[in-house]
Amino acid sequence: MVEESGIEALGEPFTPEHLSDDARGCIEAIKMSMPSGVYSALDSFILSAFATAWALHKLAAHKINDPAFEHVIEVGDNGAQAQSPWLAILNKQAALMATLGDRLGLDPKSRAALKLPGAKQRKSKFAGLLGQTGSSPSLSS
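Residues numbered from 1 in each chain as written. Predicted model: local features only at pLDDT ≥ 70, side-chain atom pairs only at ≥ 80, totals over all residues. Heavy atoms only, no water.

S.K.: Help me out: how do you make sense of the overall build of the protein chain in this one?
M.R.: For the protein chain, the count of helices and strands is four helices and two strands. For the protein chain, the residues scored as buried account for 24% of the 141 residues in total. Surface summary for the protein chain: the accessible area is close to 9700 Å², and the carbon and sulfur share equals 57%. (Helix = DSSP H or I, 4+ residues; strand = E, 2+ residues; numbered from the N terminus. Buried < 20%, exposed > 50% of the residue type's maximum accessible area, 1.4 Å probe, protein only. Areas by Shrake-Rupley, 256 points an atom, 1.4 Å probe, with all protein chains shown as cover.)

S.K.: Can you help me understand the environment of valine 38 in this one?
M.R.: With respect to the secondary-structure elements, valine 38 resides in the loop between α1 (21-33) and α2 (44-65). Valine 38 sits in the buried class, given a relative accessible area of 9%. Each C-alpha atom, one on valine 38 and one on leucine 114, is 8.3 Å from the other, the two residues being 76 residues apart in sequence.

S.K.: Any chance you could explain the nonpolar core here in plain terms?
M.R.: Core analysis: the largest hydrophobic core is formed by 17 residues, its most contacted members being Ile30, Tyr39, Leu47 and Phe50. For this core, the elements supplying multiple residues, two or more each, are α1, α2 and α3 (85-104). The biggest single contributor to this core is α2, with five residues. Apart from the residues lying within four places of it in its own chain, the contact partners of isoleucine 30 are Tyr39, Leu47, Phe50 and Leu106. The next biggest cluster of nonpolar side chains, apart from the first, holds five residues, and it includes Ala60, Ile64, Phe69 and Leu87. (Core = buried A, V, L, I, M, F, W, Y, C linked by side-chain atoms within 4.5 Å. Contact = heavy atoms within 4.5 Å.)

S.K.: Hey, could you run me through a nonpolar patch on the surface in this one?
M.R.: Among the surface-exposed residues, Phe14, Leu42 and Phe45 lie close enough to one another that they form a single nonpolar patch of about 340 Å² accessible area. Mapped onto the elements of the fold, phenylalanine 45 is located in helix α2. Overall, phenylalanine 45 belongs to the exposed group, its relative accessible area being 54%. (Patch = residues over 30% accessible without salt bridge, like charges linked within 9 Å, V, L, I, M, F, W, Y side chains within 5 Å. Salt bridge = Lys/Arg side-chain N within 4 Å of Asp/Glu carboxyl O.)

S.K.: Before we go on, may I ask you to explain α3 in this structure?
M.R.: One turn of the α-helix equals 3.6 residues, which is why residues spaced by three or four share an orientation. Over its 20 residues, α3 runs 28 Å from end to end, which matches the ideal 28 Å to within 8%, given 1.5 Å per residue. When we look at burial in α3, the residues that qualify are Leu87, Leu90, Gln93, Met97, Leu100, Gly101 and Leu104. Looking at the buried residues of α3, the elements they touch are α2, β2 (80-83) and α4 (108-112). At the C-terminal side of α3, glycine 105 shows a positive phi close to 75°. (Expected span 1.5 Å × (residues − 1).)

S.K.: Teacher, can you tell me more about the packing of aromatic side chains here?
M.R.: Between two aromatic rings, the relevant description is the distance of the centres plus the angle of the planes. Under the defined criterion, the tally for this structure stands at one aromatic pair. Geometrically, the ring pair formed by phenylalanine 14 and phenylalanine 45 is edge-to-face, given 5.7 Å between the ring centres and 85° between the ring planes. Taken together, the positions of phenylalanine 14 in the segment before α1 and phenylalanine 45 in helix α2 put the pair 31 residues apart, joining distant regions of the chain. Among the residues examined, phenylalanine 14 registers a relative accessible area of 38% and is labelled partly exposed. (Phe/Tyr/Trp six-rings, centres within 6.5 Å; stacked < 30°, edge-to-face > 60°.)

S.K.: Teacher, can you tell me more about the pairing of strand β1 (residues 72-75) here?
M.R.: With four bridges connecting them, β1 and β2 associate as antiparallel partners. Paired with isoleucine 73 across the strands is alanine 82, a residue of β2. Turn length for the β1-β2 hairpin, with the two strands adjacent in sequence and antiparallel, is four residues, and the turn residue glycine 76 shows positive phi of about 75°. (Pairing = 2+ DSSP bridges.)

S.K.: I'm lost on the pattern of salt bridges in this one. Help?
M.R.: Between side chains of opposite charge, a pair can form as their charged atoms come close. Applying the stated rule across the entire model yields two salt bridges. Where aspartate 22 meets lysine 58, a salt bridge forms, and the shortest distance between an N and an O atom there is 3.0 Å. Here aspartate 22 is found in helix α1, whereas its partner lysine 58 is found in helix α2, with 36 residues between them in sequence. Owing to a relative accessible area of 27%, lysine 58 belongs among the partly exposed residues under this scheme. Note that glutamate 28 is salt-bridged to lysine 31, the shortest N-O span being 3.4 Å. Taken together, the residues span about one helical turn, with glutamate 28 and lysine 31 both in helix α1 at a distance of three residues. Under the relative-accessibility criterion, glutamate 28 is labelled partly exposed at 32%.

What follows is the structure, given as structure tokens:
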């Protein structure tokens, strides 16, 4: 759960049945990797979007890693060349995962900003240095 905003979301996140096995596995891995209470039922939709992006990124990575993969392909009858669409898919899904992952607390920086109910913030070993007081999640020991 992110810092108190006045409205508490309820329920546990669910994994939609319509997602691919890869996407469903991604959601389960995320849920098992985070403390309980971080996500609610409402977060199921953004988790689904992240997991779908990850599954598409995985598919594109497999295509690109095929020894027969061609990074540049011919398009049209005039012999014009263009980047393989799989490279665009890979990059677009990576960008989407970075954006959604930040919102879900899936990287160290965004995770440091998450607050769990009843959790105590660790005091920084640098507290008091240069007149600073309190805790800083980025400087915690």
